[in-house]
Amino acid sequence: MSNSPKQRISGITAKTASLAFNVSVANMRLMDLSKRDARKIFLQQQGLLQANSFGSGKSAALAAIRQLTYLQIDTISVVSRAHEHILQNRVQRFNGEMLNELMLDRSLYEYWSHAAAYLPIENFRFSLPVMQGRKHARSIDNKLAIQVLSRIRSDGPLRSKDFAAPASYKSGGWWTWKPAKQALEHLFLTGELMVSHRQGFQKVFDLPENLIPAHVDTTMPTTGEWARFIVCSMIEALGIATEYDLGYARSTIQRLAKVAMTKPIKNAIATLCKEGYLIEIRVHDQRYYCRPATLDRLPLRVNRRAVKLLSPFDNLIINRRRTAQLFDFDYQLECYLPAAKRRYGYFALPILYGDELIGRVDAKANRKAAALQINNIWLDIPLDDQLVKAMTAGLRDFMITMGCQTIHIRATYPKVPELLRMN
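Residues numbered from 1 in each chain as written. Predicted model: local features only at pLDDT ≥ 70, side-chain atom pairs only at ≥ 80, totals over all residues. Heavy atoms only, no water.

Participant: Hey, could you run me through the overall build of the chain in this one?
Facilitator: The helix and strand inventory of the chain stands at 16 helices and 15 strands. Taken across its 423 residues, the chain has 53% of its residues classed as buried. (Helix = DSSP H or I, 4+ residues; strand = E, 2+ residues; numbered from the N terminus. Buried < 20%, exposed > 50% of the residue type's maximum accessible area, 1.4 Å probe, protein only.)

Okay, here's the thing in structure tokens:
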């Protein structure tokens, strides 16, 4: 996305001088960046500052995932599953089948990032440390695991439903998976099986040698290489980031791979700063890191003609500490709370307006009736004509994107007659 740091520094100095940044090529002192500019850089890198910044169709979906570094997979579909909703907000003419097509093209693979995710296949080797860690934590029947692998080797790709359950087995949900399902999922975590694609959202498992393209590097990275990859990929996805942001997936990595990553990530940040790949900046007295060339993109303009309703699992807001720091927006997904403790509803969606998060929409898509039901809209900023027009356009776009033909809004806070008349 840019030239080398040494090539870019002189350009940064000239351009950022006009932005009142105190920059010295010889001695790069800590620069002050406004919170608003920090947000705009973040939104730009996330593909949310302008409409359809990745383009349209399947190739744009792949470009978006490569830029984001991962796309979280989630089964909750109150409005749309997270992995679809996230791309619907970034890619024109996206449809859910494109993800399966990209899996079958071997452009993507499934594994863990900070959660279950679609990942670019070229980054496959950086999942190997986690897979290795899971092999040391084997907790299933080895004999059954061998039988499952043998069956797939002889019969080809299979789903969990292709394996019979014991006569004594009684289903009780995911926490009481049948033994073969447990074996499949464990073999998936260890890398002895991979997901080929999905059928009706069910994983289809196959052997890695049948799925990994020949050009993909499958050598085990050192801990240092792994930490460097994490920092470099996250800074490209986030634009600016604290040390915590860069190592956000650290707790999942440590749990799955049994590897302490705090020190390696600190070392990678220090090395990349020394090399000039990263520089330190300050946002509201908080230390952040960014690529030198990132500052060249300022000033950035925002689109305030419409709003976007974000998935609770969107890459922009999944790190709740970062959301609070940069957007002054305290967000919690309340579907995991008892009903009596919910303030905004089961699945309230954050509202993105320009470079601000301005409220929540408690929505549900009734696909059989092709109706978008909105229980309430909460707005945290003063109303004006521009915001009302943007909300109206954004809600209509969301209705269409969710495959609905009608919209019903029960309430808004504060009361917005123009929105209530959309019914």
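Participant: Hey, could you run me through the sheet that holds strand 8 (residues 279-283) in this one?
Facilitator: Sheets are built from strands paired through backbone hydrogen bonds, the pairs being either parallel or antiparallel. Across the sheet, 4 strands lie side by side as 1-8-9-7; this open sheet has mixed pairing. Edge positions in the sheet fall to strand 1 (31-32) and strand 7 (240-241), since each of these pairs with one other strand and no more. Looking at chain direction, strand 1 and strand 8 are connected through 2 bridges and run parallel. The residue of strand 8 that forms the bridge with Asp32 is Arg282. (Pairing = 2+ DSSP bridges.)

Participant: Before we go on, may I ask you to explain the nonpolar core in this structure?
Facilitator: In a soluble, globular protein the nonpolar side chains are often hidden away together inside. Grouped together as the largest cluster of nonpolar side chains are 134 residues, with contacts concentrated most on Ile377 and Leu395. Broken down by element, this core gets its largest block of residues, 8 residues, from helix 10 (residues 223-238). Apart from the residues within four sequence positions on either side, Leu395 is in contact with Leu309, Leu372, Ile374, Ile377, Ile407, Ile409, Leu419 and Met422. (Core = buried A, V, L, I, M, F, W, Y, C linked by side-chain atoms within 4.5 Å. Contact = heavy atoms within 4.5 Å.)

Participant: Before we go on, may I ask you to explain the environment of Pro120 in this structure?
Facilitator: Following the sequence through the fold, Pro120 ends up in strand 4 (residues 116-120). In sequence terms Pro120 and Ala63 are 57 residues apart; their C-alpha atoms lie 9.4 Å from each other. With residues near it in sequence (within four places) discarded, Pro120 still touches Ile65, Arg66, Thr69, Ser107, Leu108 and Tyr109.

Participant: Quick question: what am I supposed to make of helix 6 (residues 128-135) here?
Facilitator: Given 3.6 residues per helical turn, the α-helix brings residues three or four places apart onto the same face. Burial analysis of helix 6 places 6 of its 8 residues in the buried class, which makes it a mostly covered element. Looking only at helix 6, the buried set comprises Leu128, Pro129, Val130, Met131, Gly133 and Arg134. Here the buried face of helix 6 lies against strand 3 (108-112), helix 8 (179-190), helix 10 and helix 12 (250-257).

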